[in-house]
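Here are the chains, one letter per residue:
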Amino acid sequence: MTVTHPCQPARFAGYRWARPWLVIGSLMASVATVSAAAMPDRLLWFAQAAPTPASERVLRVLSQASADGLEVSDYAVEELRLAIANSVRSGVQEEERVARLDRAISTAVRRYLSDLHGGRLDPRQFGMRYSRSADFDQLIERRLEELAGEAAPDRGASHHGPRALPYSELRQALADYRGLVGNEAFRQALPPLPGGRLRPGQPYGGTALLARRLALFADLPGNTATTTRYEGKLVDGVKSFQARHGLYPDGVLGKDTWLQLEVRPEARVRQIELALERWRWLPHRDVERRIVVNVPEFMLDAYTAAEDGKPALSMRVIVGNARKTRTPLFSGEMRFVEFSPYWNVPPSIAHSETLPRLRRDPGYLTRQGFELVTSEGKVLTTLSEGDLEAIERGRMRIRQRPGASNALGDIKFVFPNPDNIYLHHTSTRQLFKRERRDFSHGCIRVEAPVELAKFVLAGEAEWTGERIVQAMRRGKSMTVRLGETLPVIIGYSTAVVRDGRVHFLPDIYGYDAALGEALQRRSAGLRGEAARLRKLGIEFDN
């Protein structure tokens, strides 16, 4: 398979999604006058005009929505509780009013279940191409019926939400960091660093406060004794903290580490809430085998059902440059593995980098293993001024032959997509040692291509590790079609739990702020509905 123009991420500036993520109707639509023809076949939360036990149970579930990073006020819990209480106190038997309230409860529950399982906002609003499963609406209705059932057990919110390990670990991290909000260890700033940098062995007036914070973050045992010097276990605690915050763990307390230590728990709570929202967007969460790339973490995880939610394989990756060529966020299906691939130089790279270099140094073509391909498919290995003109006008393209200097390394993993983004090896392996790894033109470079190929080709008995290595070193391009496609998810989360420890990552593409603002706007819009529901509650009291 030949990809004509790889690694050219689409631009989403100004892109707006016109419709809500899931149109489930507003609460106000639910409490509008219900005509006889529109009356529900049966009531879910009332029996003989009296609220059922399920109505109280479901309100308790809604009131616990914050445990999943959701806004309780989005579901008008207090307004619904008031309306139910007033209906009981007033003894109203009017069928239409009871039906209106029953529908309002169902709409709030549907919204909650939709938010809980699919997210509050449409990821396409932010240029992220994820799709919900075809049976999503049916899932919500099944969960609604379960909550309304007479024999439904009184369970907390955790029972009704996603149960995958990455989600449950983030949920626990949210509870842990909420427990730190208001702690006295964050009421004053750490003392300034002497000379702007604190090295092991130096005196520091903030060792006691530093130790308290590190202990609260579980980077240091709570009973660690300190002196007036920055040394010993305190240094180890800072190294642990650095490793969890995308910093080089050298134990030197510089500006970047100091700034991360000064981030308040409230900000970390918000970061985890955004991570939970993005996790709810992701497709293919329950398939047995999948590959997930988390862009700001610069990590790839491969999952199988046998690992009980933990990755079977993890490795470092290099992603698109934050300033110029960001890696798009989407999901796809891996269909091919290409050994000893050609690299078709994208026009953007050809015009900005390769052509200027060839004009200065024509010998660069041969040294780097480049060749020219005409629109008729003819391959040229020499360069003329006319060829440069043809490349400039798009009548000829540049490609790099398989070999040691090939930009794709010796293997490429293809999951067809509009941006021609794929996973591949690289000849610049030294970049994997960096903590921040956004160096690519959009495609994703993998640190351990042989191990990834073993995972991808695990269902193909003939593709042993030895044969994979041979194919990579052969120097002749060969494409293998997978017997079964493999889901690939390119995601973005600045808070993750890895090996039981929560990691906070730099928001390299600046996406957190936009998501946080959009969620605030959404909740503000829903507050008007809650106000009108209060009016419905008053009606029952009249």
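Cut-offs applied
- Residues numbered from 1 in each chain as written.
- Predicted model: local features only at pLDDT ≥ 70, side-chain atom pairs only at ≥ 80, totals over all residues.
- Heavy atoms only, no water.
- Helix = DSSP H or I, 4+ residues; strand = E, 2+ residues; numbered from the N terminus.
- Buried < 20%, exposed > 50% of the residue type's maximum accessible area, 1.4 Å probe, protein only.
- Contact = heavy atoms within 4.5 Å.
- Areas by Shrake-Rupley, 256 points an atom, 1.4 Å probe, with all protein chains shown as cover.
- Pairing = 2+ DSSP bridges.
- Axes fitted to C-alpha atoms, helices over the stretch in contact; angles between N-to-C directions.
- Phe/Tyr/Trp six-rings, centres within 6.5 Å; stacked < 30°, edge-to-face > 60°.
- Lys NZ or Arg CZ within 6 Å of the ring centre and 35° of its normal.
- Salt bridge = Lys/Arg side-chain N within 4 Å of Asp/Glu carboxyl O.
- Polar contact = N/O pair within 3.5 Å; in protein donor to acceptor, adjacent residues only side chain to side chain.
- Parallel < 35°, antiparallel > 145°, perpendicular 65-115°, else oblique.
- Left-handed = near helix turned anticlockwise from the far one by under 90°.
- Nonpolar A, V, L, I, M, F, W, Y, C, P; charged D, E, K, R; others polar.
- Core = buried A, V, L, I, M, F, W, Y, C linked by side-chain atoms within 4.5 Å.

**Q** I would appreciate a short explanation of the overall build of the chain in the present structure.
**A** Each helix and strand in the chain was counted, giving 17 helices and 16 strands. Relative to its full complement of 542 residues, the chain shows a buried share of 50%. Sequence separation of at least 24 residues holds for 72% of the intrachain contacts in the chain that already meet a minimum separation of 6. Accessible area of the chain: about 25,100 Å², with a carbon and sulfur share of 49%.

**Q** Looking at this structure, how should I read the sheet that holds strand 6 (residues 331-339)?
**A** Hydrogen bonds between backbone atoms are what pair the strands of a sheet, whose relative direction is either parallel or antiparallel. Sheet architecture is closed into a barrel: eight strands sit in the order 3-4-5-13-12-11-6-14, paired in mixed fashion. Pairing geometry for strand 11 (residues 411-414) and strand 12 (residues 423-424), over two bridges, is antiparallel. Within strand 12, the position partnered with Lys412 by the bridge is His424. Contacting strand 3 (290-294), strand 4 (299-303), strand 5 (313-318), strand 6, strand 11, strand 12, strand 13 (444-446) and strand 14 (478-491), helix 15 (residues 449-456) crosses the sheet at an angle of about 40° to strand 11.

**Q** Would you take a moment to explain the packing of aromatic side chains for this structure?
**A** Aromatic ring pairs: the centre-centre distance and the angle between the two ring planes describe each pair. Under the criterion given, the structure shown has 13 aromatic pairs. Look at Tyr509 and Tyr511: their rings are 5.6 Å apart centre to centre, the planes differ by 70°, and that puts the pair in the edge-to-face class. Residue class for Tyr511 comes out partly exposed when judged on its relative accessible area of 22%. Above the face of the Tyr303 ring, Arg290 is positioned so that its terminal group lies 4.3 Å from the ring centre.

**Q** I would appreciate a short explanation of unusual backbone geometry in the present structure.
**A** Note: most residues except glycine have negative phi, and most peptide bonds are trans. Even without a glycine there, the phi angle at Phe298 is positive, about 55°. With respect to the helices and strands, Phe298 occurs in the loop between strand 3 and strand 4. Phi is positive for Asp499, close to 55°, though the residue is something other than glycine. Within the element layout of this structure, Asp499 appears in the loop between strand 15 (495-498) and strand 16 (501-504).

**Q** I tried to follow the pattern of salt bridges on my own but got confused; where do I start?
**A** Should the charged atoms of two oppositely charged side chains come close, the side chains can pair. This model, assessed by the stated rule, comprises 31 salt bridges. As a salt-bridge pair, Arg359 and Glu392 come within 3.4 Å of each other at their nearest N and O atoms. On the criterion of sequence distance, the pair formed by Arg359 in helix 12 (residues 347-360) and Glu392 in helix 14 (residues 385-392) is long-range, its members being 33 residues apart. Relative accessible area serves as the criterion here: at 38%, Glu392 is assigned to the partly exposed category. Here the salt bridges do not stand alone but share partners, grouping Glu56, Arg60, Glu78 and Arg81 into one network.

**Q** So what exactly am I meant to see when it comes to the sheet that holds strand 10 (residues 396-400) here?
**A** Overall, antiparallel pairing links the four strands, which are arranged 7-10-8-9 in an open sheet. Looking along the sheet, the strands with just one partner apiece sit at the ends: strand 7 (343-344) and strand 9 (379-380). Where strand 8 (residues 370-374) lies against strand 9, two bridges are found, and the strand directions are antiparallel. Bridge assignment links Leu372 to a residue of strand 9, and that residue is Leu380.

**Q** Which parts of the structure should I look at to understand the side chain of Ser440?
**A** Tracing the sequence through the fold places Ser440 in the loop between strand 12 and strand 13. Among the residues examined, Ser440 registers a relative accessible area of 3% and is labelled buried. Engagement of the side chain of Ser440 in a polar contact is seen with the backbone nitrogen of Gly442, the distance being 3.0 Å. Other than its neighbours up to four places away in sequence, Ser440 contacts Ile318, Val319, Gly320, Asn321, Thr325 and Arg445.

**Q** Whenever I open this one, the packing of helix 8 (residues 207-216) against helix 9 (residues 233-243) confuses me. Can you help?
**A** Helices that pack against each other are described as a pair by the angle of their axes relative to one another and the distance between those axes. At a closest axis distance of 10 Å, the pairing of helix 8 and helix 9 adopts a crossing angle of 45°. One finds that helix 8 runs oblique with respect to helix 9. Crossing of helix 8 against helix 9: the hand is left-handed. For the pair formed by helix 8 and helix 9, the contact residues are Thr207, Leu210, Ala211 and Leu214 on the first element and Leu234, Gly237, Val238 and Phe241 on the second. Its residues placed into classes, the contact of helix 8 with helix 9 shows six nonpolar, two polar and no charged.

**Q** Would you mind showing me how to read the pairing of strand 5 here?
**A** Each regular strand displays side chains that alternate between the two surfaces of the sheet. Here strand 4 runs beside strand 5; their pairing, made up of four bridges, is antiparallel. If you follow Ala302 over to strand 5, its bridge partner there is Leu313.

**Q** Got a minute to help me understand the nonpolar core in this structure?
**A** Here is a general trend for soluble globular proteins: nonpolar side chains tend to be buried in one another's company. One finds Trp45, Ile291 and Leu423 to be the most contacted residues of the largest nonpolar core, which totals 135 residues. The biggest single contributor to this core is helix 4 (residues 95-118), with nine residues. Those residues in contact with Leu423, other than ones at most four positions away along the chain, are Ile291, Val293, Leu300, Met334, Ile411, Lys412, Phe413, Phe415, Ile444, Val446 and Leu452.

**Q** Explain the pairing of strand 4 here, please?
**A** Among the five residues in strand 4, five count as buried, and that is most of the element. Burial of the side chains of strand 4 extends over both faces: Met299, Asp301 and Tyr303 are buried on one face and Leu300 and Ala302 on the other. Looking at chain direction, strand 3 and strand 4 are connected through five bridges and run antiparallel. The residue of strand 4 that forms the bridge with Val293 is Leu300. Taken together, strand 3 and the strand that follows it, strand 4, pair antiparallel across an intervening segment of four residues, in which Phe298 is found at a positive phi of about 55°.

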